[in-house]
Amino acid sequence: MDPTVGGGKIVKFCIMHNAMGCMTDIHYDMSILPAKKQKTAHKVSATSAQPPVAQSTTRSNFTLSDWMTIFSYVNSHPTLPQNCIVEHFQTLKSGALIFTQSTLCCKLRDWEALEVRVHDNPNALSLKCPHIVTRPDVERAPVLWVQQMENKGETVSGLMLWEKQSRFEEEFNVPENERLPGDGWIASFCKAYGIREHKRHGEAGSILAKFAPRDCFNFDETGFFPSGKKKEKTRITIGIACNADGSEKLELFFIGKAQKPHCFKKKTPEQQGFYYCNNETAWMTAVLFEKWVKTFDIKMKQQNRYVLLIIDNFSGHTIPYELTNIQLKFFKPNLTPFIQPCDTGIICCFKAIYCCKLSICAIDLDEAGEPEIYTINLLEAMLTAKSAWDAVLPETIKHCWDHTQIQP
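The structure presented is a predicted model; accordingly, all values stated were derived computationally and were not measured.

So, how was this worked out
- Residues numbered from 1 in each chain as written.
- Predicted model: local features only at pLDDT ≥ 70, side-chain atom pairs only at ≥ 80, totals over all residues.
- Heavy atoms only, no water.
- Helix = DSSP H or I, 4+ residues; strand = E, 2+ residues; numbered from the N terminus.
- Buried < 20%, exposed > 50% of the residue type's maximum accessible area, 1.4 Å probe, protein only.
- Polar contact = N/O pair within 3.5 Å; in protein donor to acceptor, adjacent residues only side chain to side chain.
- Contact = heavy atoms within 4.5 Å.
- Core = buried A, V, L, I, M, F, W, Y, C linked by side-chain atoms within 4.5 Å.
- Axes fitted to C-alpha atoms, helices over the stretch in contact; angles between N-to-C directions.
- Parallel < 35°, antiparallel > 145°, perpendicular 65-115°, else oblique.
- Left-handed = near helix turned anticlockwise from the far one by under 90°.
- Nonpolar A, V, L, I, M, F, W, Y, C, P; charged D, E, K, R; others polar.

Description of the side chain of Asn325
Phase 1: In this structure, Asn325 sits in the loop between β9 (307-311) and β10 (326-330).
Phase 2: The exposure class assigned to Asn325 is buried, which follows from its relative accessible area of 12%.
Phase 3: A polar contact is formed between the side chain of Asn325 and the side chain of Thr324, at a distance of 2.9 Å.
Phase 4: Apart from residues no more than four positions distant in its own chain, Asn325 is found in contact with Asp297, Met300, Lys301, Arg305, Tyr306 and Val307.

Examining the nonpolar core
Phase 1: One finds Ile238, Phe254, Phe350, Trp389 and Trp401 to be the most contacted residues of the largest nonpolar core, which totals 41 residues.
Phase 2: Counting residues per element, the ones that place at least two in this core are α9 (202-208), β5 (216-224), β6 (236-243), β9, α13 (346-367), α14 (378-391) and α15 (394-404).
Phase 3: In terms of residues, this core owes the most to one element, α14, which gives seven residues.
Phase 4: Filtering out sequence-adjacent residues up to four positions away, Trp389 remains in contact with Ile240, Ala241, Cys242, Lys249, Leu250, Leu252, Ile346, Phe350 and Ile397.
Phase 5: Within the second largest apolar cluster, 22 residues are counted, among which are Phe289, Val307, Phe314 and Ile319.

Observations concerning the packing of helix α2 (residues 64-76) against helix α3 (residues 82-90)
Phase 1: Taken N-terminus to C-terminus, the directions of α2 and α3 make an angle of 130 degrees; their axes are 11 Å apart at the nearest point. Comparing their axes, α3 and α2 come out oblique. The element α2 and its partner α3 pack so that their crossing is right-handed. Of the residues in α3, those in contact with Thr69, Ile70, Tyr73 and Val74 of α2 are Ile85, His88 and Phe89.
Phase 2: Grouping the constituent residues of the contact of α2 with α3 by class yields five nonpolar, two polar and no charged.

This is the structure in structure tokens:
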């Protein structure tokens, strides 16, 4: 179905050591590397050094790691003039650091203060601006709490982190004007203290791991206006299905209102090369979906394939028929815009190509002197839609599947 989010998006933060969870309960793993591991880990700090090919005279803000490198060089060459130090770093083959002698002079006066910043937080060396903390005791408390929850294997949500921070502020008697408002601080807090976020799809990982990418399919419907204008009363529904590696795009599933559209000229939809059904609302129903999925099941049985079909939890997708070669898996409510491949770009790409083809047709009609350049009948629209679907590249489909990160 077209994504309609109800009730807002719920994002959970949980500990990364839990490998599996529910397929559609997308949440993020929060983990903090222990202090001992951070000292021994070979982590490369961010730098503002310019690659040799891209060297220029443009100056940029340096990270703390860059300045520590410069200070180390100054310390090892105590008699070297400042202008020679500037010239040395401007000509580094490993990556130039562009700064002036006056800037170096100012930074040397702040040498001790900058060295103190190194131990402010785990990512201090990668930061360009200082992480200013007015209450270090309150700042450290939620970090230790997240570590404690991680060690217990408990799940921590963003709301829990926000609430816990508020309670710490109460316990430490932080004045109201110094307390953190809202939850906008959570992202920078996680970045500063190395709290990593990883999408986790437990059941999705376990179920999708049983199927090859070519055997994992997603089906979704979308409302479709043939003329490209929502003001037009003519609307149909198009069902789209494709597999995870983009190697197989099933034929479009058209649902209209007319049983025998006049534009078909006494030919059946099958004779025109379409899979077409109809009802009064031109929308998906359980009867129509059961008919379609039965056809798909028979096709897979003939090919001796057992596939996975993941769909949203629309009531029209609930059918009593027991499939033999297809395993159905439903997404939970309000999550399809984020994790359903068809909703993350496949349908959008299909419609964009259709609109492009429709625009070309409109220009041709305008040059021919036609008064209604957007007039298009159902047959022409279905032919154009079929051509647009054929033009969607396998790489695009695979990219959309990869973007959802529901595959192991």
